[in-house]
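# Results of the structural survey
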Amino acid sequence: MKTLNKWIFCLYIIVTLTPILSSCYIQMALVVLWGLTIIPVFQYVEKDWKLFIFAWIGYAIILRVIGFSTASWGNYGIYVLFYYPLFVFAIYRHILNDKEKHCMVNFIMAVALLNMLYNIFFLIRHPGANQELNFSDMYAGCNLGNSDFTFVIMLVLIIYLYYAIHGRIIYFLAVVLGCFYLVISSKTTALLVFLIITYIIFVEKFAAKIEKRQRILIECLGIILPLLLYKPVLIVMSHFISNQYIVERLNALIVGDTSSVYLSRAGLAKISFHTFSNHPVLGIGYVKADFSKIDYVTTGIGHHSEFIDHLGRYGLIGAVAYIFIWYNYFKTFNSYSGTKEDHYAGIMIFIAFMMYSLLNNSMDAMSGVVIFYLVSSVADGDFGKKKYQ
């Protein structure tokens with residue numbers, strides 16, 4: 001039964017991380033099958049804060065049943081799929097041996113890497129193809145990643161970066177290819193977040209090698225310099241990057257053009273925050289939106305900021321639930337047995353997730369696999385430095 005259960009989760013990973021196969025219905029079916037085959041060992045799920053996630057999803061569903069929320073039922077399936085890998089990890093860390101855990105981590109990374117390589121070759125042949133995903137069905141039948149896929153690749157690259165720092169050449173090559181993919185995929189936010197996280201990692205690495213007094217100075221400079229020099233850095237980037245789509249967005253950042261398509265996301269987040277300020281306790285619920293009419297203002301939700309949209313939908317009740325889940329996740333995360341480096345990798349991924357979520361949707365099945373299973377496994381298994389026999 002355990003072997004069957006593992007194969008079902010592996011199939012779930014393939015379906016979830018492969019754009020052309022990704023389907024909420026298939027994913028939910030696999031989650032149900034996984035649940036049925038894990039029943040004999042379900043006692044390994046600790047009766048702790050994780051069960052609060054069921055209560056929170058139940059609360060959101062009740063709001064939908066009574067009509068307070070009006071969004072389609074599929075949106076609540078996304079909640080389930082996002083948190084599902086956390087429960088998988090809670091069980092697998094008890095029933096899998098070290099070699100099996102190691103294989104599962106490598107499998108997730110391999111699936112992500114193979115899909116990234118396919119997308120690189122596809123975008124070389126069809127430049128700008130993934131931009132068409134938002135406007136037409138021209139490439140609908142292709143294994144072409146959208147913003148969610150690019151975001152997940154960016155998260156995986158952070159783990160690759162930590163491994164590359166320890167001298168693993170193959171991970172260094174993966175990071176280089178990943179950076180190339182972030183550029184040709186035209187995903188400006190994912191690229192900028194990855195560069196910021198890379199900068200933070202190298203500042204932290206450099207500061208760790210010097211004395212405490214000097215370390216504080218270096219860390220302070222590491223914070224101040226980006227604030228002073230971000231415009232010159234963006235100007236240099238705009239000259240070296242050949243992707244005009246990204247260059248236009250960099251130029252918008254340089255001049256602070258809030259009327260541009262890229263910076264207009266801040267206005268969408270403002271819509272959600274305005275809704276929250278008017279309905280601070282309960283929010284307005286998960287409202288149905290007709291994106292063909294771009295009715296962000298009438299629905300009161302900008303649909304482009306995971307955190308602020310959440311505040312607008314569920315108010316302070318939702319905010320407390322959100323903070324409680326993440327606080328307890330990291331409280332558990334800190335108890336995992338991996339090395340200091342493994343924990344830092346996880347923390348950097350969480351920071352990247354937070355930064356990206358300010359002006360993007362980020363809660364989906366793909367990011368759930370990376371954050372709740374891959375990152376947790378790395379932090380709990382010391383995969384950065386051990387090689388299992």
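Residues numbered from 1 in each chain as written. Predicted model: local features only at pLDDT ≥ 70, side-chain atom pairs only at ≥ 80, totals over all residues. Heavy atoms only, no water.

## Digging into the overall build of the protein chain
- Along the backbone of the protein chain there are 15 helices and zero strands.
- At 21 Å, the protein chain has a C-alpha radius of gyration in line with the 21 Å of a compact globule built from 389 residues.
- With the C-alpha coordinates aligned to their principal axes, the bounding extent of the protein chain is approximately 60 × 55 × 50 Å.
- Residues counted as buried form 52% of the 389 residues belonging to the protein chain.
- Pairs at least 24 residues apart make up 76% of the contacts formed inside the protein chain by residues separated by at least 6 positions. (Helix = DSSP H or I, 4+ residues; strand = E, 2+ residues; numbered from the N terminus. Rg over C-alpha atoms; globule rule 2.2 N^0.38 Å. Buried < 20%, exposed > 50% of the residue type's maximum accessible area, 1.4 Å probe, protein only. Contact = heavy atoms within 4.5 Å.)

## Section: the confidence of the model for the protein chain
- Taken residue by residue, the protein chain gives an average pLDDT of 85. The fraction at 70 or more is 91%.
- When mean pLDDT is compared element by element in the protein chain, helix 1 (residues 2-17) scores highest at 93, while helix 12 (residues 296-299) scores lowest at 64.
- Contacts of residues 384-389 to residues separated by more than four positions or lying in other chains number 15 contacts, the stretch itself having pLDDT below 50. (pLDDT = per-residue confidence, 0-100.)

## Here we look at the environment of Ile 66
- Within the secondary structure layout, Ile 66 lies in the loop between helix 3 (50-65) and helix 4 (74-95).
- Sequence-wise, Ile 66 and Val 281 are 215 residues apart; in three dimensions their C-alpha atoms are separated by 18 Å.

## What to know about the nonpolar core
- Ranked by internal contacts, the top residues of the largest apolar core, which has 112 residues, are Phe 9, Tyr 92, Met 154, Ile 158 and Trp 326.
- The element best represented in this core is helix 6 (residues 147-165), accounting for 15 residues.
- Look past the residues within four positions of Trp 326 in its chain and what remains in contact with it is Phe 82, Phe 350, Phe 353, Ile 371 and Phe 372. (Core = buried A, V, L, I, M, F, W, Y, C linked by side-chain atoms within 4.5 Å.)

## Points about helix 10 (residues 244-255)
- Here helix 10 contains 12 residues, and its C-alpha end-to-end distance of 16 Å stays within 8% of the 16 Å for a straight helix at 1.5 Å per residue.
- Residues of helix 10 that are buried include every one of Ile 246, Val 247, Arg 249, Leu 250, Ala 252 and Ile 254, and no others.
- The residue sitting at the N-terminus of helix 10 and contributing the capping side-chain oxygen is Asn 243; that oxygen lies 2.9 Å from the backbone nitrogen of Tyr 245.
- Count one or two residues on from helix 10 and you reach Gly 256, which has phi positive near 70°. (Expected span 1.5 Å × (residues − 1). Polar contact = N/O pair within 3.5 Å; in protein donor to acceptor, adjacent residues only side chain to side chain.)

## A short note on the environment of Leu 123
- Tracing the backbone through its elements, the reader meets Leu 123 in helix 5 (residues 98-125).
- Separated by 98 residues in sequence, Leu 123 and Tyr 25 have C-alpha atoms that sit 28 Å apart.
- Setting aside chain neighbours within four positions, we find Leu 123 in contact with Ala 129, Asn 130, Leu 144, Tyr 181, Ile 184 and Ser 185.

## Observations concerning a nonpolar patch on the surface
- Together, Tyr 199, Leu 217, Leu 221, Ile 223, Ile 224, Leu 225, Leu 227, Leu 228, Leu 229 and Val 233 give the surface a local cluster of nonpolar side chains, amounting to about 960 Å² of exposed area.
- The dominant element in the nonpolar patch, judged by the number of residues it contributes, is helix 9 (residues 212-240), at nine residues.
- For Ile 223, the location among the structural elements is in helix 9. (Patch = residues over 30% accessible without salt bridge, like charges linked within 9 Å, V, L, I, M, F, W, Y side chains within 5 Å. Areas by Shrake-Rupley, 256 points an atom, 1.4 Å probe, with all protein chains shown as cover. Salt bridge = Lys/Arg side-chain N within 4 Å of Asp/Glu carboxyl O.)

## Examining the environment of Arg 265
- Inspection of the secondary structure puts Arg 265 in helix 11 (residues 264-278).
- Among the residues examined, Arg 265 registers a relative accessible area of 17% and is labelled buried.
- A C-alpha to C-alpha distance of 25 Å links Arg 265 and Phe 240, two positions 25 residues apart in sequence.
- Not counting the four nearest positions on each side in its chain, Arg 265 is found in contact with Thr 189, His 304, Leu 359 and Asn 360.

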